[in-house]
Amino acid sequence: MARQLTIVGTATITSGQTTSGWITDKRGFGHATDLVVWCPSALTAAVVVEVSHAESPSSADTKVLNIDGSDVAMGAGKAIVIPTSAFKSMRFVSAGAEGADRTFTVVAQVDMG
């Protein structure tokens, strides 16, 4: 079976802000065999991943992604593996205002055929 890498989307926390826009996959991210977040080279504060089961999330639909009791944190200059799971939307939230634009790229590996 062939596999293909695809960029699912990018999300940016703009300078002076704490929250990125949403990256949404209408099928849900569970279709990917692997999901990796490519983090920017610098971060001003700690950044976590928020997820939702909704395509257009409200605050009531949004939860911090937690695996085995720990929030999933992003690291400056890192590629962070996120186990594929049952969510349709994800975004990035900083504990403090970012000092510059910070862009995160989400890449999925999917089985073809």
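In this text the structure is predicted, and so the values were computed from the model without any measurement. (Residues numbered from 1 in each chain as written. Predicted model: local features only at pLDDT ≥ 70, side-chain atom pairs only at ≥ 80, totals over all residues. Heavy atoms only, no water.)

1. Re the side chain of Ser94
If you trace the backbone, Ser94 turns up in strand E10 (residues 89–94). The class for Ser94 is buried, based on a relative accessible area of 6%. In this structure the side chain of Ser94 is engaged in a polar contact, spanning 2.6 Å, whose partner is the backbone oxygen of Gly96. Setting aside chain neighbours within four positions, we find Ser94 in contact with Ile13, Thr18, Ala45, Ala46 and Val47. (Helix = DSSP H or I, 4+ residues; strand = E, 2+ residues; numbered from the N terminus. Buried < 20%, exposed > 50% of the residue type's maximum accessible area, 1.4 Å probe, protein only. Polar contact = N/O pair within 3.5 Å; in protein donor to acceptor, adjacent residues only side chain to side chain. Contact = heavy atoms within 4.5 Å.)

2. So, the nonpolar core
Among the nonpolar cores identified, the biggest contains 23 residues, and Val37, Val49, Met74, Ile82, Met90, Phe92 and Phe104 are the most heavily contacted of them. Going through the elements one at a time, strand E1 (2–13), strand E3 (34–38), strand E4 (47–52), E10 and strand E11 (102–112) are the ones with two or more residues in this core. For this core, the leading source of residues is E11, giving 4 residues. (Core = buried A, V, L, I, M, F, W, Y, C linked by side-chain atoms within 4.5 Å.)

3. Regarding the sheet that holds E3
With respect to topology, 4 strands assemble into an open sheet ordered E1-E11-E3-E9, the strand pairing being antiparallel. Two strands lie at the open edges of the sheet, namely E1 and strand E9 (79–81), each paired on one side alone. Taking the axes of each pair of neighbouring strands and ignoring which way they run, one obtains an average angle of 25° across the sheet. Relative to E11, E3 runs antiparallel, the two being bridged by 5 bridges. (Pairing = 2+ DSSP bridges. Axes fitted to C-alpha atoms, helices over the stretch in contact; angles between N-to-C directions.)

4. Quick word on unusual backbone geometry
With the exception of glycine, the majority of residues adopt a negative phi angle, and the majority of peptide bonds are in the trans configuration. In the Ramachandran plot, Asp68 falls in the positive-phi region, its phi being about 50° despite a non-glycine side chain. Considering the arrangement of structural elements, one finds Asp68 in the loop between strand E6 (66–67) and strand E7 (70–71).

5. Looking at the confidence of the model for the protein chain
Residues at a pLDDT of 70 or more form 96% of the protein chain, whose mean pLDDT is 90. The element-level mean pLDDT for the protein chain is lowest in E11, coming to 87, with strand E8 (residues 73–74) highest at 96. (pLDDT = per-residue confidence, 0-100.)

6. Side note on the environment of Ala60
Relative to the elements of secondary structure, Ala60 occurs in the loop between E4 and strand E5 (62–64). Measuring from C-alpha to C-alpha, the distance between Ala60 and Leu35 comes to 25 Å, with 25 residues separating the pair along the chain.

7. A short note on the packing of aromatic side chains
In total, this model carries 1 aromatic pair according to the counting rule given. Aromatic side chains Phe92 and Phe104 sit 4.4 Å apart centroid to centroid with 15° between the ring planes, which places their arrangement in the stacked category. One end of the pair, Phe92, is in strand E10; the other, Phe104, is in strand E11, with 12 residues separating them in the sequence. (Phe/Tyr/Trp six-rings, centres within 6.5 Å; stacked < 30°, edge-to-face > 60°.)

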